[in-house]
Amino acid sequence: MALRVAALEQLLTDKGYCDPDTIDRLVELYETRVGPHHGARVVAEAWSDSAFHEHLLANASQAMSGLGISGMQGENMVVVENTGDVHNVVVCTLCSCYPWPVLGLPPRWYKSEPYRARVVREPRTVLAEMGCHVANDVEIRVWDSSADLRYMVLPRRPAGSDELSREELAGLVTRDGMIGVALV
Ligand code: FE
């Protein structure tokens, strides 16, 4: 795969379709600077500010760009909220579509065939196997991301976190919690 990618990059560069410096800059950006800490900031803001919370659920990409978070693979993001009655989990059944500006690059398991196939058919079992035990009376909704529309989960705010600052709240939020395969 690495050789094929290198050959493809060389060909595109030779034909003048892309600039290797641009590719290096993008790789560096997503490997070191863009990641789940952005999503955690969005979640902490939603837990702290009811107007932002409402805006986030109505138009996630627009609300996030108000925090300076936007970019490639995040043009049309939708946030789905966990409640006492509903637990949400995200997949891309076709490939690996994922909201890069808030979560960075997808983990390997997210792209794997077993996760993509099974989380749709038996979400409760798959979640339990990943250590995420959703109570039987809580409905599980599975959201299928695509190139046009990418989902992120807004986890439930933990009990006893009323006094925490936004930074402290953000520290509680995990990448897996925003995919919906873990509880916060
Ligand atoms: Fe995909």
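Residues numbered from 1 in each chain as written. Predicted model: local features only at pLDDT ≥ 70, side-chain atom pairs only at ≥ 80, totals over all residues. Heavy atoms only, no water.

**Focus: the nonpolar core**
A general feature of soluble globular proteins is that nonpolar side chains tend to end up buried together.
(1) Moving on: Of all hydrophobic cores here, the largest spans 45 residues; its most connected members are Val42, Leu56, Met64, Val102, Tyr115, Met152 and Ile179.
(2) Moving on: No other element matches helix H3 (residues 36–48), which puts six residues into this core.
(3) Moving on: Residues within four places of Met64 in sequence aside, it is in contact with Val42, Leu56, Ile69, Met77, Val79, Val102 and Met152. (Core = buried A, V, L, I, M, F, W, Y, C linked by side-chain atoms within 4.5 Å. Buried < 20%, exposed > 50% of the residue type's maximum accessible area, 1.4 Å probe, protein only. Helix = DSSP H or I, 4+ residues; strand = E, 2+ residues; numbered from the N terminus. Contact = heavy atoms within 4.5 Å.)

**Considering the packing of aromatic side chains**
Each aromatic ring pair is specified by the distance between its two centres and by the angle formed by the two planes.
(1) Moving on: The full count for this structure, using the stated rule, is six aromatic pairs.
(2) Moving on: When the centroid spacing of 6.2 Å and the interplanar angle of 70° are considered together, the rings of Trp109 and Tyr110 count as edge-to-face.
(3) Moving on: In this structure Tyr110 comes out as buried when scored by relative accessible area, which is 0%.
(4) Moving on: Note on Tyr110 and Tyr115: the rings are 6.0 Å apart at their centroids and 35° apart in plane angle, and the pair reads as tilted.
(5) Moving on: A relative accessible area of 5% places Tyr115 in the buried class.
(6) Moving on: Ring pairs connect the aromatic residues Tyr98, Trp109, Tyr110 and Tyr115, which therefore count as one cluster. (Phe/Tyr/Trp six-rings, centres within 6.5 Å; stacked < 30°, edge-to-face > 60°.)

**Points about unusual backbone geometry**
Most peptide bonds take the trans configuration, and most residues that are not glycine carry a negative phi.
(1) Moving on: Non-glycine residue Gln73 carries a positive phi angle of around 65°.
(2) Moving on: What makes Gln73 partly exposed here is its relative accessible area of 26%.

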